[in-house]
Amino acid sequence: MQKSNKVHILPEILANKIAAGEVVERPASVVKELIENAIDAGANAIQIYIAGGGKKLIQVVDNGCGIGENDLPIAFERHATSKIRSEKDLEAIHSLGFRGEALPSIASVAQVEIKTKEQSEKLGLVFTIDGGKKGALRKTAANRGTSISIRNLFFNTPARRKFLKSDNAENQQILIVLKRFFLAYPDIDFQLTLDDKQLFSLKKTDLKERLVEVFGAEQGENLIELDERVAGIEINGYLGKPQIARRSRSQQHLYLNGRPIMDRNISYAVYQGYGDTLDEGAHPVYCLFIEIDPAFVDVNIHPTKMQVRFSNDRTLFYLFLNGVKKTLNSHGVLADLSSVNQGSAIQKAVIENHEQSENEVKKEFELKKTKPSHFNLTKVKKGSGQISLAYFNHHESEQENVQASGQQSLLEEEKSDVRFWQVHKKYIFSEIKSGLVIIDQHLAHARILFEKTTKLLNDQRTSGGQKLLFPQKITLALDDFLVFKDIYQVLNQIGFTINVFSGNTIIIEEMPADVKIGRESQILLDMIDYYKNTSQTSFNLNEKIAAAYAFKNAIKTGDILNEVQMHNLVDQLFACEYPFYSPSGKPVIVSMELDELARRFK
Amino acid sequence: MKFSVSRDNFFKALQKVINVIPSKSTVDILYNVLITIKNNKLSIIATDLEITQISWTECEAMEEGDITVPGKLLLDIIRELPNVNISFSADSNHKILIKSDHGEYKLSGEDKTEFPSVPLVDSDQQVEIENGLLKTMIEKTIFACSTDHFRPALTGVLCQIMENEYRMVSTDGHRLVKVINKNFSGNGISRDLIIPTKALNFVARNLPDSGNQKIILSENHILFELPDTKIFSRIINEPYPDYDRVIPAEFSKELVIDRAEFISSVKRVSLFSNPITSQVKIVLSQNSMNISAQDIDFGGEANENVPCKYEFENIDIAYNANYLIDILRHIDEEKVKLTVNDADGPALIFPENNENADLNMVMLIMPVRIN
Ligand SMILES: Nc1ncnc2c1ncn2[C@@H]1O[C@H](COP(=O)(O)OP(=O)(O)OP(=O)(O)O)[C@@H](O)[C@H]1O
Ligand SMILES: [Mg+2]
């Protein structure tokens, strides 16, 4: 028998396809790479055309430097880049691209046509490459700059294509990517055409104007400018006042030398800077730029280039913390001026940060141990949890009482032998035979609402909505509007009546009866944010919306509950099918055995 | 500062303002009341920054001056004393000594510099309203205000001063109340202002049953001059929604029903409604009203028939029972009239004899979509 080699060098096309797995995750990542290239080429006007969620077509047209005849085929080879030459260049990257990986990766999984002309040339060039197979290079008439179109992404990798989401969902991702560029480069004209509709036509302007155009005019009035520097580092941009904080991080933008990045350390510093001006669960709006000598950062640690490593991250932490505090203070947002120094308060913040992340890991670990692999599959039988049966028996018998007599007041009197205490406006403590139970009020209510809502949706029932005397008109950001279109029929079923007024403007005419008065538009925006950002892939559409509704409409940490309300909450919780876990799988109830308590007192 | 005063007078004056003290505040000084002695007059001021109330009484002043004192503590001390003369003095270190026949009490006060100043309401915009009517109008409106700070305008009552009438309007976006007093002259003033419910509550509490009420308006404040007390309130400077537009002028259906029967029937049936939505369904047919409720989650059900006067085509409408009960409770007459066009639009509820009363009143309720 002939021995075959097990290890061999991959054919180039295959190697590119594999690399594409890292660089090209979905249409949005293609858009990102192409815009980066256009910006690196020095363009000051960029047009983007998207069709079919980017699955059909992504085209980016720039007026940059173009590519020459000799370079064009090479640009599609792996590690072909004009941007760095030596290892030393890698230590100080001034351009957005540097790996020479984007074009070959994209070209290996799509049908690409590129038309380009350098300023000095009379004629331009066209070149096609189809699933990595290069076509011929031809001369043609062309404008200065480069136009690149990507058709039928993943046409030759059906498995990947299957993973792409609906057009709407992919468009949302593309918009997130594009908005980052819109904000980072206010001095570039951008035009976006989505399925033949022009959505953005942004003219060169300053950052403030651009922010208003991208975030919406209401936000504009509530933005305050930040500008801070220490040796070698400058940070500037805009902060949103606490009152425009969102329920998600979707309006947080951070750039490093023009490159959008994410950084936990900095984000934590910003939140600390806002301090308690933010309500629980609120996320500040910001758009901030870091200018720093490239030698102090390593941008080459992640294939999508979104994560970077700073050599002086402590300095950055303080710079952001103080910068945010100072800026907010100077606009009268924070009452407390005392902490704008580098003293103990900051020290504490750093330590807390540390402890918090440790705790998180611990929690996650415990969660994995105790939570059923999927709450829908592994049915938690009543009484099979940690808590003694006493609870259930007790409440079930009461249930019968209610139905027999139909007297709610009677029920309340009878219940008074179980007592509840609210602790830190967050937890409900109660006594059970074997010890102590602690219930998280927010998660408990979320569980109740989640089950009610999914049940309603699965039974194909429609809940009656309370009509509003003054219908609420709101103009949604475009990406929010796309989400809204996705989910509005289901919203209708749970009691909303929302009509499109014109463009992205909608009118809320009815709300589910249990939504607090005055919070109509807030709840809707919160739900959209949640829907957009939830990563709960095991949810179907109904469950996702039910979860959004449940989390956003549930009583919150900080809400004061009286004894009767706590009774009702606990009653309803135990009437649920899965009382022990919140819709996202977090424990709702924690119990502590008497033995355990006794041990602690030894 | 030093004075002596009768316990009863001191207690009464203090009790008037005590509820203005916020129960929770980040500004500690607001837990205090400001006591001022001048011209043999003792005045006490409490404020929560939005509302300021002053009360006063006679005293015998030995030394004029002022000091701020923890309000609730002071009230607790004075309350427990029998009606005797109390001597009250404060030294330059703000140490307070209260003496009575029973003994001595020492506590510390604070300087008045920290205490917010009383808003200046210096204006010739003045109107007068008959006390009894004002009290009724307040009672009929404040219940329908919103308690949510997200829409600040709706947390207060809209007061409209016009040439020949005075209106008060409140709404939370689900229901609305409009009360008109036609027995009124605006003295040439015509103005809309939104007054916080909390202020109106205090006003109603301090209003005597007869006489006339003087109200003074400045740009940002309103001042109610009441017997032995004055209440200042900030005006909510927010646009009020155009409420008149949402009150339909014409109706195709009209119902007259006994108020007490209607209320108790709704109350009973609503016990069986879903506790979250409190939805009750009303079916109107020839001289009969059927009220029903159903709780799908728990399987409860109820329905009742109430006689009424109704001579139009049948209609099904649903309401939140709590709103319905709230509204019906705030109408005094024996019979109420309900008018409606269809199941999607608002219903108006009035006392049956609305026209010839001193106050003309309309209550509006938005329905719930029927599933
Ligand atoms: N729009 C454009 N205009 C001018 N030159 C371009 C354009 N797009 C690509 N190029 C050229 O093609 C080369 C390869 O592009 P590619 O995106 O694959 O790599 P890169 O940008 O150098 O690095 P990275 O993989 O990090 O994006 C670039 O270095 C550049 O010289
Ligand atoms: Mg590139």
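Residues numbered from 1 in each chain as written. Chains lettered and ligands numbered in written order. Predicted model: local features only at pLDDT ≥ 70, side-chain atom pairs only at ≥ 80, totals over all residues.

Q: In this structure, what is going on with the overall build of chain B? I would like to understand it.
A: Scanning chain B from N- to C-terminus turns up seven helices and 26 strands. Across the 371 residues that make up chain B, the buried fraction comes to 38%. Of the contacts formed within chain B by residues at least 6 apart in sequence, a portion of 68% connects residues at least 24 apart. (Helix = DSSP H or I, 4+ residues; strand = E, 2+ residues; numbered from the N terminus. Buried ≥ 20, exposed ≤ 12 C-beta atoms within 10 Å, placed from the backbone. Contact = placed C-beta atoms within 7 Å.)

Q: Please explain the sheet that holds strand β23 (residues 315-320) of chain B as it appears in this structure.
A: Adjacent strands of a sheet pair through backbone hydrogen bonds, lying either parallel or antiparallel. All names here are of chain B. The strand order across the open sheet formed by four strands is β21-β20-β19-β23, and the pairing between neighbours is antiparallel. Both outer strands of the open sheet, β21 (300-307) and β23, are each paired with one neighbouring strand and no more. Averaged over all pairs of adjacent strands, the angle between their axes in this sheet comes to 20°, without regard to strand direction. Along the sheet face, helix α6 (residues 259-270) touches β19 (279-285), β20 (288-295) and β21 and points at about 170° away from the line of β21. Most of the contacts of helix α7 (residues 321-329) go to β23, to which it runs at about 85°, and overall it touches β19 and β23. (Pairing = 2+ DSSP bridges. Axes fitted to C-alpha atoms, helices over the stretch in contact; angles between N-to-C directions.)

Q: Honestly, the environment of Asn187(B) in this entry has me stumped. Any pointers?
A: Residue and element names in this part refer to chain B. Structurally, asparagine 187 is set in the loop between β13 (175-181) and β14 (191-196). Here the alpha-carbon distance between asparagine 187 and glutamate 128, two residues 59 residues apart in the chain, equals 8.9 Å. Contacts of asparagine 187, omitting those with residues within four sequence positions, involve Gln126 and Val127.

Q: What exactly am I supposed to notice about helix α8 (residues 207-215) of chain A here?
A: It helps to recall that an α-helix has 3.6 residues per turn; residues three or four apart then point in one direction. All names here are of chain A. Where α8 is concerned, the buried positions are Arg210, Leu211, Val214 and Phe215. The buried residues of α8 all sit within an arc of 115° when viewed along its axis, so they share a single face. For α8, the elements touching its buried residues are α7 (167-184), β8 (197-202), α9 (217-220), β9 (223-230), β10 (233-240) and β13 (286-292). (Arc of directions from axis to C-beta.)

Q: Sorry, what's going on with the site of ligand 1 here?
A: Residues and elements named next belong to chain A. Around ligand 1, a shell composed of 24 residues is seen, among which Asn37, Ala41, Thr81, Gly97 and Ala102 lie nearest. Residue assignment for the shell around ligand 1 shows that the elements contributing at least two residues are α2 (27-40) and α5 (102-108). For the shell around ligand 1, the leading source of residues is α2, giving five residues. (Near = placed C-beta within 6 Å.)

Q: Help me understand the pairing of strand β3 (residues 41-47) of chain B in this model?
A: Strand residues, when the strand is regular, have side chains that alternate between the two faces of the sheet. Residue and element names in this part refer to chain B. Where burial is concerned, most of β3 is hidden: six out of the seven residues are buried. Direction of pairing for β3 relative to strand β4 (residues 51-58): antiparallel, over a ladder of seven bridges. Note that in β4 the partner of isoleucine 45 across the bridge is isoleucine 54. Counted between consecutive antiparallel strands, the loop separating β3 from β4 contains three residues, among which leucine 49 sits at a positive phi close to 80°.

Q: In this structure, what is going on with the sheet that holds strand β25 (residues 347-351) of chain B? I would like to understand it.
A: Residue and element names in this part refer to chain B. Reading across the sheet, the nine strands line up as β14-β11-β12-β13-β26-β25-β24-β18-β22 and stay open at both edges, with antiparallel pairing between neighbours. Strands at the two margins of the open sheet, each flanked by one partner only, are β14 and β22 (309-310). Pairing of strand β18 (residues 253-258) with strand β24 (residues 335-340) involves six bridges; the strand directions are antiparallel. Residue lysine 253 lies in a different strand from β24, and its bridge partner there is valine 340.

Q: Can you walk me through unusual backbone geometry in this structure?
A: Trans peptide bonds make up most of the peptide bonds, and negative phi angles are found at most residues other than glycine. Within the chain, Lys425(A) stands out as a residue other than glycine whose phi angle is a positive 50°. On the secondary structure map, Lys425(A) appears in the loop between β16 (420-423) and β17 (427-432). Judged by local crowding, Lys425(A) falls into the partly exposed class, with 14 C-beta atoms found within 10 Å. Within the chain, Leu49(B) stands out as a residue other than glycine whose phi angle is a positive 80°. Position of Leu49(B) relative to the elements: it lies in the loop between β3 and β4.

Q: Teacher, can you tell me more about the packing of helix α1 (residues 7-18) of chain B against helix α2 (residues 71-79) of chain B here?
A: How two helices sit against one another is set out by the angle between their axes and by the gap between those axes. Residue and element names in this part refer to chain B. Between α1 and α2, the least distance of the axes is 10 Å, while the angle of their chain directions is 145°. Considering the relative orientation of α1 and α2, their crossing is left-handed. Of the residues in α2, those touching α1 at Arg7, Phe10, Phe11, Leu14, Gln15 and Ile18 are Gly71, Leu74, Leu75, Ile78 and Arg79. In terms of residue class, the contact of α1 with α2 is built from seven nonpolar, two polar and two charged. (Left-handed = near helix turned anticlockwise from the far one by under 90°. Nonpolar A, V, L, I, M, F, W, Y, C, P; charged D, E, K, R; others polar.)

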